[in-house]
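In case you want the letters, here they are:
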Amino acid sequence: MSAEILAFLVLATATVAGGVVTLWSRYVVHSAFGLMLSLLGVAGFYVLLGSDFLAVTQVVVYVGGVVVLYLFGVMLTPPDREERSIRRIAVAGIFAVAALVVLLKAVFGMEGRWYGVDPDRGPASGGAVIREVGNAFMDKEAYLLPFEIASVLLLVALVGAVFIARREGGRGS
Amino acid sequence: MSFDYLTIAVALVGGILFVYANMWILSLVRPNKPSDLKLSTYECGEEAFSSSWLRFDMRFYTVALIFVVFDLEIAFLFPWAVVYRSLGILAFVEGLIFVGILFLGLFYVWAKGDLDWVKAFAKGRIPEVLDGPPSREVRKGVFESGLSGGPERNGGGEEAGTS
Amino acid sequence: MIASILAVLPAAEGIPNPSIPTSWVLLLAALLFILGIYGFLVRRDLIVVFMSIELMLNAANLTFLAAARERMLDPEGQVYAIFVITVAAVEAAVGLALLIAWFRLRATLDVETAVELEG
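Worth saying up front: this structure is predicted, and the values here are computed from it rather than measured.

Undergrad: Even after reading the chapter, I still don't get the overall build of chain B, so can you show me in this structure?
TA: If you tally the helices and strands in chain B, you get seven helices and zero strands. Across chain B, helices and strands are ordered from the amino to the carboxyl terminus as α-α-α-α-α-α-α. Across the 163 residues of chain B, 14% fall into the buried class. In chain B, once contacts between residues fewer than 6 apart in sequence are set aside, the share between residues at least 24 apart is 45%.

Below is the structure:
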């Protein structure tokens, strides 16, 4: 067993275990930390897949930002001790199994190679890819418009979320 | 790249093992005599009287939100920063537009006072903040607007008389 | 033998870590997506519902990057993944703000109490 496969198995265990903790724990804080473990595992997969920049982005944005946001959300709202209901578990299980069948069929049903691989495109390294990503962002034939629209999206999210979350007429505002 | 991240993996595993191995070794030699008093939550010598859950102030969320937005800005600007020198002035202007649009949001939250930790200061109600030791009035303002939620700890005492 | 069954799509030469078949990564992404679906449907706490959505979006990202690796680290896969991360973070930010506002209004996070618009 090579080191890559060992790393894959460890990361797969961490990712799936984190996901299971996220959706099974009765305590929302445990869910948040399970989500963090799962997202770190996914970041490890990005490293294995050669996407170093995305791995760092995943850690910085998700683990450093979004999970913290979730933790603040948890602390701003009380613990909600929900009841487990057999009906919900059954319905969710049916949908999950159906989705599993569809996805397994999709994965195992693929034949041959991925279409459209440029035969001249040689093996790329992480350092070259980030350059290509930057060129794609700056190319107006490619992703320049989505790049600028993303900043508008971030602006709307910032203003909207701050506006919604602002305490209206309460103490201290 | 065969496995460049082996160093990080070794450091990670080594760090985790170091902590837990030490805890395990120490658990072999330390005395273990638990009692009710030792196991209770330590709260500055007082008896614990409420749940550890208390509602945090909204401002923490606002700051975290702004942090996440500018975190994402870095994710977009890093590829731009790698290539803008080779693409000339146009790419530079494109990056400036990106940053400019985001700064509109920053100016909005700044102007609306969401970044002021203590809102009373921003509204100019307490002008003597900057010179001299804080007066009783100021400390009251800090307490009321800075720490909402949680049990009131300061009792009736001196603060109640000023309101 | 299990590896030979799972390796329906053996990784191409010249890509990072070719000993890991792309189909393994796709299977793991499928598993993560299904965990997200299950959590989305079974939990009533709105925060955990949002976390399940994050799991599903991460599964999608994993699929994007697996495909990008298969295509010799195609930068388009990375670009899409960056956009997905952006949308996910924005969704979390606005969603949690709405959640906090809703909690202020209703004092609960149970999704089954959200029946205001029901006919």
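Undergrad: What should I look at first to understand the nonpolar core in this one?
TA: The nonpolar side chains of a soluble globular protein tend to be buried with one another. Ranked by internal contacts, the top residues of the largest apolar core, which has 109 residues, are Y70 of chain A, L65 of chain B together with A93 of chain C. Look past the residues within four positions of L65 of chain B in its chain and what remains in contact with it is L69, L158, A161 and V162 of chain A together with A93 of chain C.

Undergrad: Would you mind going over the packing of helix 2 (residues 28-48) of chain A against helix 3 (residues 46-70) of chain C with me for this structure?
TA: Two quantities define a packed helix pair, namely the angle between the helix axes and the distance between the axes. Where helix 2 of chain A meets helix 3 of chain C, the closest approach of the two axes is 11 Å, and the angle between their N-to-C directions is 5°. Classed by the angle they form, the pair helix 2 of chain A and helix 3 of chain C counts as roughly parallel. Each of V28, S31, L35, S38, L39, V42, F45 and Y46 of chain A in helix 2 of chain A lies in contact with helix 3 of chain C, whose residues at this interface are I47, V48, M51, E54, L55, N58, L62 and L65 of chain C. For the contact of helix 2 of chain A with helix 3 of chain C, the class distribution of residues is twelve nonpolar, three polar and one charged.

Undergrad: Can you help me understand the interface of chain B and chain A in this one?
TA: How big an interface is tends to be reported as the loss of accessible area on association of its parts. Counting residues at the interface gives 41 residues for chain B and 44 residues for chain A. At 20 residues, helix 3 (residues 58-87) of chain B tops the list of elements feeding residues into the side of chain B that touches chain A.

Undergrad: How should I be thinking about the interface of chain A and chain C in this particular structure?
TA: With 70 residues of chain A at the contact, the number on the chain C side is 69 residues. Looking at the side of chain A that touches chain C, the elements that each hand over two or more residues are helix 1 (3-24), helix 2, helix 3 (52-76), helix 4 (86-108), helix 5 (126-138) and helix 6 (144-165) of chain A. Broken down by element, the side of chain A that touches chain C gets its largest block of residues, twelve residues, from helix 4 of chain A. Here the residues of the side of chain A that touches chain C are counted per class, giving 50 nonpolar, 14 polar and six charged.

Undergrad: Even after reading the chapter, I still don't get helix 1 (residues 6-29) of chain B, so can you show me in this structure?
TA: Count 3.6 residues to each turn of an α-helix, and residues three or four apart come out pointing the same way. A rise of 1.5 Å per residue sets the reference length of helix 1 of chain B, with its 24 residues, at 34 Å; its end C-alpha atoms lie 34 Å apart and thus fit the reference within 8%. The buried fraction of helix 1 of chain B is low, at zero of 24 residues.

Undergrad: Looking at this structure, I do not really get the environment of A157 of chain A. What am I missing?
TA: Its place among the elements puts A157 of chain A in helix 6. Once the C-alpha coordinates of A157 of chain A and A14 of chain A are considered, the two residues, 143 residues apart in sequence, prove to be 31 Å apart. Leaving out residues up to four positions away in the same chain, A157 of chain A has contacts with V69 of chain B together with V90, A93 and V94 of chain C.

Undergrad: Help me out: how do you make sense of the environment of D110 of chain C in this one?
TA: Residues and elements named next belong to chain C. With respect to the helices and strands, the residue D110 is situated in the segment after helix 4 (75-106). Looking at D110, the number of C-beta atoms within 10 Å reads 13, which means it is partly exposed. Along the chain, D110 and R43 lie 67 residues apart, while their C-alpha atoms are 8.9 Å from each other.

Undergrad: Can you help me understand the packing of helix 4 of chain A against helix 2 (residues 22-42) of chain C in this one?
TA: The interhelical angle for the contact between helix 4 of chain A and helix 2 of chain C, taken along N-to-C directions, is 160°, at an axis separation of 9 Å. The orientation of helix 4 of chain A with respect to helix 2 of chain C, classified from their angle, is roughly antiparallel. Where helix 4 of chain A crosses over helix 2 of chain C, the handedness of that crossing is right-handed. Listed contacts from helix 2 of chain C to R88, I89, V91, A92, F95, A96, A99, L100, L103, L104 and V107 of chain A of helix 4 of chain A are S23, L26, L27, A30, F33, I34, I37, Y38, L41 and V42 of chain C. Of the residues that constitute the contact of helix 4 of chain A with helix 2 of chain C, the class distribution is 19 nonpolar, one polar and one charged.

Definitions and cut-offs
- Residues numbered from 1 in each chain as written.
- Chains lettered and ligands numbered in written order.
- Predicted model: local features only at pLDDT ≥ 70, side-chain atom pairs only at ≥ 80, totals over all residues.
- Helix = DSSP H or I, 4+ residues; strand = E, 2+ residues; numbered from the N terminus.
- Buried ≥ 20, exposed ≤ 12 C-beta atoms within 10 Å, placed from the backbone.
- Contact = placed C-beta atoms within 7 Å.
- Core = buried A, V, L, I, M, F, W, Y, C linked by C-beta atoms within 7 Å.
- Axes fitted to C-alpha atoms, helices over the stretch in contact; angles between N-to-C directions.
- Parallel < 35°, antiparallel > 145°, perpendicular 65-115°, else oblique.
- Nonpolar A, V, L, I, M, F, W, Y, C, P; charged D, E, K, R; others polar.
- Expected span 1.5 Å × (residues − 1).
- Left-handed = near helix turned anticlockwise from the far one by under 90°.

Everything listed here is a matter of geometry and, on its own, says nothing about what the molecule does.
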